[in-house]
Amino acid sequence: MAIAEVKFQLNNEEVILQTGKLAKQADGAVLVKTGSNMVLVTVVSSKEESNFDFFPLTVEYSEKFYSTGKIPGGYFKREGRPTSEAILNCRLIDRPLRPCFPEGYKNETQVVATILSYDGVYPIHSLAGIGASAALHISDIPFNGPIATVVIGRKDGAFIVNPGRGDLENSDLELTVSSTSRGILMVEGEGQFVKEKDALEALKKGFEAAQPVIQAQEELRQKAGAKPKRPYKTLEIDESFRKEVEAFLTPRFQEAFAIDEKLERYAKFSEIKEQAKEKFLEPLTDEAEKENRSKQLSAIFGDHKYFMARQMILKDKKRIGGRGFKEVRPISSEVGILPRAHGSALFTRGETQVLGTVTLGTGDDEQRIDALHGSISKRFLLHYNFPPFSVGEVGRMGGQSRREVGHGFLAERALSAIIPSFEKFPYTIRVVSEVLESNGSSSMGTVCAGQMALLDAGVPVQGNVAGIAMGLIKEGDDYVILSDILGDEDHLGDMDFKVAGTKDGITALQMDIKIDSITFEIMEEALQQALEGRLHILSEMEKVIKAPRGQLSEFAPRIETIKVKPEKVREVIGAGGKVIRGIVDATGVKIDIEDDGTIHVASSDPAASAKAIKMIQDICAEAEVGQVYKGKVTKITDFGAFVEVLPN
């Protein structure tokens, strides 16, 4: 196979797409290079159709520590399970790819992005997303691409495409945007109280930046030989059978869609399905015919449910359960419900219920992460748990799914903008979200529960954050934007658009488009409607708690901060840490010392903190001329006496 290569410019950086040299047995393999960054993305799809009733796509993002010239930490000294960052990057590749596969294609497909070389600065997941699309596009796998993934930042009011890590640190906006030549497919990111109009401009910039990348992939496909896409089977449905089944289902579906309660509605649909099987399958005696009819019946059931739900919204202007398009489900909240947690809140919106908790810790509790771009510490953590009972199911417990990692990170992004600086509030903060019930946007429920728990814990936040999930039903030019979508409206709709923020602006944004594209006018309308919904939810939350409590929980550690001269730090620590260990043993406190002489003393016992601080101050004190000291005679000699007026 001949090597094919194309080059294009992305924010004044040359990017190279190459195929035909590496991993030639994969169905598609593309090496993406810019500067000293190299990502190999391969795609393989089984030649046989799977027995699944869904498209079995898996995406793997393989971080190699040799790519940055490092040896992994830990005992085994080799790469292990994916890090949280790798899982998040998997999702950023998966989400825009998935809607680009044709309906009916069910061959097991795997995309693997392997980081071969990384400078620790460039947004490498952007290259991985571009490579995944290019590998699929040049292969014989059916794929309605290509797509391009870019990162948009904003520094000093100017948008930057694929900014380096240094630029992002000074950016008030970070959005990962995936687009086709026709429109945006996916958005994920965060902002520092960004206005809706600015977020929309960033999306437009992302779409514009994607176009040369898409053209380069088209060129690579032509250079690589433009393989014809493989044929695949779709289920053929007898039209007379379809009409007969739809006539049977229509009045029954109308009854089911009128039921507001989720589990009762689901039970009704299950009952209707059994009735349909009894009517259309049981009279059949030929097993082959029965199996074929069963597949057709299942497909018709799903298609007609999808069609009727959408028609009910578009034509009849009715939502499931009868809500208005902009109406948010009833909200109720409580705070302080867990006596020993440092902060807690229960947030319920319709049939979505989230318990949020806050635990305050010291600097010792920071999370240390051994990442490709270097070791980092996190002092704000948010962990999201979605147990199977939250949707009335039995399932595996233990370990986090990729979905849990992704939803938790979105909520963490939403709240991180309001977390006070370490200088103002020297605590490590952990928020845990326990989803107790779910029927639509538990991630945004997590934002609301987490926010209220932070206030209950007395954290001096920089504003109050709420989140809302928006939906879209679109047929041709006719469309409806839905506020606070149910799980069914997410499944049956064309867009899932989550927006979190304060009254002053957006702090986190996530959007997935399931159709070819939507216009920027629709996005603008959705953002405005989301703002209205967000402000309503905030007002309901603030009826329960509006400002941080004036005091911390009695079970939370109190952190006192003192300052000593930097040259005195080693005296406080002592040889081999002997002095500081003695203070900790004598008082039971936790002590964190910084090189600049800042010392944090943490304890839930104020008397213990005061004792430790006195011991530190005594160590650092210097004798002053004119002061009177009470001293201990430690030694008497022929020429006089040694008197200890200060320690040592």
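As shown above, the structure is provided for reference.
This structure is a prediction, so every number in the text was calculated from the model and none was measured.

### Topic: unusual backbone geometry
That bond from Gly145 to Pro146 is cis: its omega, 0°, falls within 30 degrees of zero. Positive phi outside glycine occurs at Asn11, with the angle close to 55°. Here Asn11 shows up in the loop between strand 1 (4-10) and strand 2 (13-19). One non-glycine residue, Asp484, lies in the positive phi region at around 55°. Within the fold, Asp484 resides in the loop between strand 19 (478-483) and helix 10 (487-492). On the accessibility criterion, Asp484 (1% relative accessible area) is buried.

### Section: the packing of helix 1 (residues 84-97) against helix 2 (residues 124-138)
Packing of helix 1 against helix 2 brings their axes to within 10 Å, and their N-to-C directions diverge by 40°. In terms of crossing hand, the pair formed by helix 1 and helix 2 is right-handed. Across from Asn89, Leu92, Ile93 and Leu97 in helix 1, the residues of helix 2 making contact are His125, Ala128, Gly129, Ala132, Ser133 and Leu136. Tallied by class, the residues present in the contact of helix 1 with helix 2 amount to six nonpolar, four polar and no charged.

### Description of the pairing of strand 7 (residues 148-155)
Counting buried residues in strand 7 gives seven out of eight residues, a clear majority hidden from the surface. Here strand 7 pairs with strand 9 (residues 173-179) via six bridges, running antiparallel. Bridge assignment links Thr149 to a residue of strand 9, and that residue is Ser178. For strand 7 and strand 8 (residues 158-161), the ladder comprises four bridges, and the chain directions are antiparallel. Looking across to strand 8, one finds that Ile152 is bridged to Val161. Counting the residues in the hairpin turn of strand 7 and strand 8 gives two residues, including Asp156, whose phi is positive at 55°.

### Some remarks on helix 8 (residues 402-416)
The terminal C-alpha atoms of helix 8 lie 21 Å apart, and with 15 residues this matches the ideal 21 Å at 1.5 Å per residue to within 8%. Taken residue by residue, helix 8 has Glu404, Val405, Gly406, His407, Gly408, Leu410, Ala411, Glu412, Arg413, Ala414 and Leu415 as its buried positions.

### Here's the deal with the nonpolar core
Core analysis: the biggest nonpolar cluster contains 125 residues, and Leu17 and Leu454 have the highest contact counts within it. Sorting elements by how many residues they give to this core places helix 4 (residues 196-223) first, with eleven residues. Grouped together as the second largest cluster of nonpolar side chains are 23 residues, Phe269, Ile272, Ala276 and Leu492 included.

### Overview of the sheet that holds strand 11 (residues 331-335)
One open sheet holds the five strands; their spatial order is 11-12-13-17-16, and the pairing between them is mixed. At either margin of the open sheet sits one strand with a lone partner, and together these are strand 11 and strand 16 (380-385). When strand polarity is set aside, the average angle formed by the axes of neighbouring strands in this sheet is 15°. Pairing between strand 11 and strand 12 (residues 343-349): five bridges, direction antiparallel. When the sheet's bridge partners are listed, Ile331 is paired in strand 12 with Arg349.

Rules and cut-offs
- Residues numbered from 1 in each chain as written.
- Predicted model: local features only at pLDDT ≥ 70, side-chain atom pairs only at ≥ 80, totals over all residues.
- Heavy atoms only, no water.
- Helix = DSSP H or I, 4+ residues; strand = E, 2+ residues; numbered from the N terminus.
- Buried < 20%, exposed > 50% of the residue type's maximum accessible area, 1.4 Å probe, protein only.
- Axes fitted to C-alpha atoms, helices over the stretch in contact; angles between N-to-C directions.
- Left-handed = near helix turned anticlockwise from the far one by under 90°.
- Contact = heavy atoms within 4.5 Å.
- Nonpolar A, V, L, I, M, F, W, Y, C, P; charged D, E, K, R; others polar.
- Pairing = 2+ DSSP bridges.
- Expected span 1.5 Å × (residues − 1).
- Core = buried A, V, L, I, M, F, W, Y, C linked by side-chain atoms within 4.5 Å.

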